[in-house]
Amino acid sequence: MASPSLIGRCLYDFIRYFLEAQFASDDDAYGSAPEELPLSDKAIHGRAQIAEYAGEVLERQPCLFVYSLYVYKQYFRVQKWDRNGMVMSTREDYKQDPMKLIRLIYRLAKMSDEQAGYDPTVEVIGEESIEIQMMKETINASSFRALPAHIQWGVRDAMQDVLEPLEQRGAWQRPLYRVSVPALVDDTATSECSGAHPCLRDYIIGRRKTRPSPEPFGRGTRGYIAFDLEAKDFVFLKDAWRASSSNAEADVYSELQKHGVPYVPTLRCGGDLHGQCTSSNEYLKMFNEPMLHHRLVITEIGQPLDEYYDSQALCLFLYCALTAHWKAWEDAGILHRDISDNNIIIVTNIDEDNEEVLSAVLIDWDLSKYRSQLANGEVSDGNLSGTWAFLSAPRLKYPGKRWELADDLEAFAHLVDWFALKYHDHDVDREDLAAFLASRFYDCKYDEATRSFYGCREKTIDVQNGRSRFTLRFADPETKRPQNLAILIDTLMAFCKLHWDSLDHVSLSRHAVARHKEQLKETTASASGAPSKVKGKGKLAHVAPPGLLTISEKNGPSQPLASSISSPAHSPPTPLSPFRNHLEMIRVLWETYAKEGWPTTTDKKDDQFKGLGPIAQLQPDSRTPKILSSSLKGRSSFVKGKSPLPFGMSSSKRYESASGVESSRPSRSSHTRPSSLSRATVYNVKIGSKRKATDIMTSSEFIEGSSRDVSLHPTDSPEIPGSKRNRIE
């Protein structure tokens, strides 16, 4: 008998296929005509619900794709979901021809694991296996107990399904997996290699440490604490999908390590998985770029930047990240292009005195570009890659402009603002904070004429004025001495204004959205509010002051714009942009960190975003717009897993759009070999658009089409539902 705690639960970790049947509804979720989708609330909700199911399965299981069956009254469709799109058959009537449905169910039941979409490089591993016993021995060793506390806790949490005593485990266990990762070319301690298949290294993973967004489409990034079966230690494993035109993150890390860039992760192995790419783009007229399955392993297991102890530690960690950014750009010619709170982690090392020393590393270089790629005229397609909350004001005002070094440097300034609002004492009232965050960091609109996202006008106004619309309270109310963090914020915003004033807005106007072709008037923003696991500060890493560093002149002259940050209101005496190179920002961060006057006790408060409603859950971690302005009236676009979410939107409707204005061309799609769905109706991301779905290809039957994916010999014996790959051995 099933455990009471499991009754009524949907265990996505063990679902091989899923079925959605609607017999009472009056609205077919996909309609009878392939050219246009129904826009009734019931139809929209039905499509959103099915997409949510697909997203859950793809998130929780090692699947490259997943099949589903949709039944509406006497009609049915079969669907194939991957990280780039969904392919769907034409609507069939099983009352008229029951054998079509019978043959489909038979073929689904007869599929092998690989034909059903399971990743052949991932295998369920039993608790009594030699590998699990090896991992347990490592955990019980004295060397493991010498690791930093957060690593020990993280390992035990990730592997709890085999580490906890049986009587303490929950009603069901998640499986542990043995995962193969492409080894580095010069790595000799690898498995056997043959032909086009790369050498592979094996790791054990358990529960996820980081989760992808629940949408079925997009990068699907997952992070795990993993056990290295060869080195017998614990590392961090990242699994994601990337556009074929993007740079492989493992290759970027190799390049950074070759040039000795500090404060970046140490790559152990990684690369694209042989033959694993999406197939839905085969049927899309507009999107023909494949998405490739990428996996890598890094040595560092860090903590989120949110775990910093006080504002001085935050300043040091930002200095470390900026140093990594500077050396990557100057020495390796690589620009990160995704500065955000989630892409800087705190790492702990043990020094010769057996003390924990804290520093930070800049991670997630998967959106990075080489200097040569930027110089070749790469221009944004309007979808603004990066984390929406931290995009620069010029990028938001001119979404088609070329990405520059200055955009990354300005993102550091907005990152400081973000943490000041989240963890420090400021003058924005609690009841106004959610609206303030929405307007300053998340306001998002879509321009149909240029097919571009834009927004965050309040951020642009702050940059134009050279000051933020909030103020940190005095460190000492009696002396009225401002906090060092407040001085840093004022200085960085002054830098943002100098950079804005240095731009040629007339030339950039051709990259603006249609409604912003005219010059934006300079306005003054109102100062009023708009409608730790690290137990101690710890020992901070010793870092070199910028005076001991040299900065190349290739991005502009290096004379200082400001010799001190003590008077942020005083404009630097040169019209040159302070963001033309890293010099000024590095100097400012170092001087702020090294100066006197930091609080003797922590000045960090509890998370002030917590409890604000939807804004509290919509952290800037998906690299995309997550909150829309109120003008969008609670609707969001279904844009390849990069959909903006308005305030108060439930997950069941996040995929749908009732307005064609909100639909958008995604930044990337996918391509692979001809699949089983060689004759099928394809629905791309314009689910819910009022416009005709121009990217829908009508076809004849899906079921009757010849296919190596679903068409099996009728004499094969059926396979028991629930294969070895999705159940515990």
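Residues numbered from 1 in each chain as written. Predicted model: local features only at pLDDT ≥ 70, side-chain atom pairs only at ≥ 80, totals over all residues. Heavy atoms only, no water.

Undergrad: Is there a simple way to explain the packing of helix H14 (residues 484–502) against helix H16 (residues 583–594) in this structure?
TA: The packing of two helices is summarised by the inter-axis angle and the distance between the axes. Following both chains from N to C, one finds H14 and H16 inclined at 170 degrees, their axes separated by 10 Å at the closest point. On the basis of the axis angle, H14 is roughly antiparallel to H16. Counted together, Asn 484, Leu 488, Thr 491, Leu 492 and Phe 495 of H14 and Glu 584, Met 585, Val 588, Leu 589 and Thr 592 of H16 form the full contact between these two elements. For the contact of H14 with H16, the class distribution of residues is six nonpolar, three polar and one charged. (Axes fitted to C-alpha atoms, helices over the stretch in contact; angles between N-to-C directions. Helix = DSSP H or I, 4+ residues; strand = E, 2+ residues; numbered from the N terminus. Parallel < 35°, antiparallel > 145°, perpendicular 65-115°, else oblique. Contact = heavy atoms within 4.5 Å. Nonpolar A, V, L, I, M, F, W, Y, C, P; charged D, E, K, R; others polar.)

Undergrad: Even after reading the chapter, I still don't get the confidence of the model for the protein chain, so can you show me in this structure?
TA: Averaged over the protein chain, the pLDDT score is 75; the fraction of residues at 70 or greater is 68%. Predicted confidence is poor over residues 188–192, with pLDDT under 50, and the contacts of this stretch with residues over four places away or in other chains come to ten contacts. Residue range residues 547–574 is modelled with pLDDT below 50. Its contacts to residues more than four positions away, or to other chains, number 57 contacts. (pLDDT = per-residue confidence, 0-100.)

Undergrad: Help me understand the state of the cysteines in this model?
TA: Joining two cysteines, a disulfide is a covalent bond between their sulfur atoms. On inspection of all chains with the given rule, the structure shows zero disulfides. Unpaired in this structure, Cys 456 has its nearest cysteine sulfur neighbour in Cys 444, at a distance of 7.7 Å. According to the relative accessible area criterion, Cys 456 is buried, its value standing at 0%. (Disulfide = S-S within 2.5 Å. Buried < 20%, exposed > 50% of the residue type's maximum accessible area, 1.4 Å probe, protein only.)

Undergrad: So what exactly am I meant to see when it comes to the side chain of His 505 here?
TA: Relative to the assigned elements, His 505 resides in helix H15 (residues 505–508). Of the polar contacts made by the side chain of His 505, one reaches the side chain of Tyr 398; its length is 2.7 Å. (Polar contact = N/O pair within 3.5 Å; in protein donor to acceptor, adjacent residues only side chain to side chain.)

Undergrad: Help me understand helix H11 (residues 405–423) in this model?
TA: Residues separated by three or four positions in an α-helix point in the same direction, a consequence of the helix having 3.6 residues per turn. Compared with an ideal rise of 1.5 Å per residue, which puts 19 residues at 27 Å, H11 spans 28 Å between its outermost C-alpha atoms and is within 8% of the ideal. Within H11, 19 of the 19 residues are buried, which leaves the element mostly enclosed by the surrounding structure. (Expected span 1.5 Å × (residues − 1).)

Undergrad: What is the right way to read the pairing of strand S16 (residues 356–362) from this model?
TA: Both faces of the sheet carry side chains from a regular strand, because those side chains alternate between them. Summarising burial for S16: six of the seven residues are buried, a large majority. The antiparallel pairing of strand S15 (residues 344–350) with S16 creates a hairpin that spans five residues between the two strands, and Asn 354 there sits at a positive phi of about 65 degrees. (Pairing = 2+ DSSP bridges.)

Undergrad: What is the right way to look at the pattern of salt bridges in this model?
TA: Between side chains of opposite charge, a pair can form when the charged atoms approach closely. Under the definition given, this model contains 36 salt bridges. With a closest N to O distance of 2.9 Å, Arg 295 and Asp 119 form a salt bridge. Of this pair, Arg 295 sits in strand S12 (residues 291–298) while Asp 119 is found in the loop between helix H2 (98–110) and strand S6 (122–125), placing the two residues 176 residues apart along the sequence. Judged by its relative accessible area of 2%, Arg 295 is buried. Classification of Asp 119 as buried rests on a relative accessible area of 1%. (Salt bridge = Lys/Arg side-chain N within 4 Å of Asp/Glu carboxyl O.)

Undergrad: I keep staring at the packing of H11 against H14 and nothing clicks. Help me out?
TA: Where H11 meets H14, the axes come as close as 10 Å, and the angle between the chain directions of the two elements is 150 degrees. Judged by the sense of rotation from one axis to the other, the crossing of H11 with H14 is left-handed. Every residue of H14 that contacts H11 at Ala 406, Glu 410, Ala 413, Val 416, Asp 417 and Ala 420 is listed here: Leu 485, Leu 488, Ile 489, Leu 492, Met 493, Cys 496 and His 499. Residues belonging to the contact of H11 with H14 are distributed by class as follows: ten nonpolar, one polar and two charged. (Left-handed = near helix turned anticlockwise from the far one by under 90°.)

Undergrad: Is there a simple way to explain the packing of aromatic side chains in this structure?
TA: Aromatic ring pairs are reported here in terms of the distance separating the ring centres and the angle at which the planes meet. Per the stated rule, a full pass over the model turns up 20 aromatic pairs. We note Lys 80 situated over the ring of Phe 65; from NZ or CZ to the ring centre the distance is 4.3 Å. (Phe/Tyr/Trp six-rings, centres within 6.5 Å; stacked < 30°, edge-to-face > 60°. Lys NZ or Arg CZ within 6 Å of the ring centre and 35° of its normal.)

Undergrad: Hey, could you run me through the nonpolar core in this one?
TA: Where a protein is soluble and globular, its nonpolar side chains tend to be buried together. Of all hydrophobic cores here, the largest spans 117 residues; its most connected members are Met 135, Phe 234, Leu 256, Phe 317, Ile 344, Trp 365 and Leu 421. With 15 residues, helix H8 (residues 311–332) is the single largest residue contributor to this core. Every residue in contact with Leu 421, bar those within four places of it in the chain, is listed here: His 426, Val 428, Leu 433, Phe 436, Leu 437, Phe 441, Phe 470, Gln 608 and Phe 609. Val 57, Phe 65, Tyr 70 and Leu 108 belong to the second-largest nonpolar core, a separate cluster that totals 34 residues. (Core = buried A, V, L, I, M, F, W, Y, C linked by side-chain atoms within 4.5 Å.)

Undergrad: Honestly, the environment of Ser 213 in this entry has me stumped. Any pointers?
TA: Tracing the backbone through its elements, the reader meets Ser 213 in the loop between strand S8 (200–210) and strand S9 (222–228). Using a relative accessible area of 27% as the deciding quantity, one classes Ser 213 as partly exposed. Taking the C-alpha atoms as reference, Ser 213 lies 8.2 Å from Glu 59; in sequence the two are 154 residues apart.

Undergrad: I keep staring at unusual backbone geometry and nothing clicks. Help me out?
TA: Leave glycine aside and you will find that most residues have negative phi; peptide bonds, for their part, are mostly trans. In this structure, Tyr 263 takes a positive phi of about 60 degrees despite not being glycine. Mapping Tyr 263 onto the fold places it in the loop between helix H7 (249–258) and strand S11 (267–277). Within the chain, Arg 337 stands out as a residue other than glycine whose phi angle is a positive 70 degrees. Relative to the helices and strands, Arg 337 is located in the loop between strand S14 (334–335) and S15.

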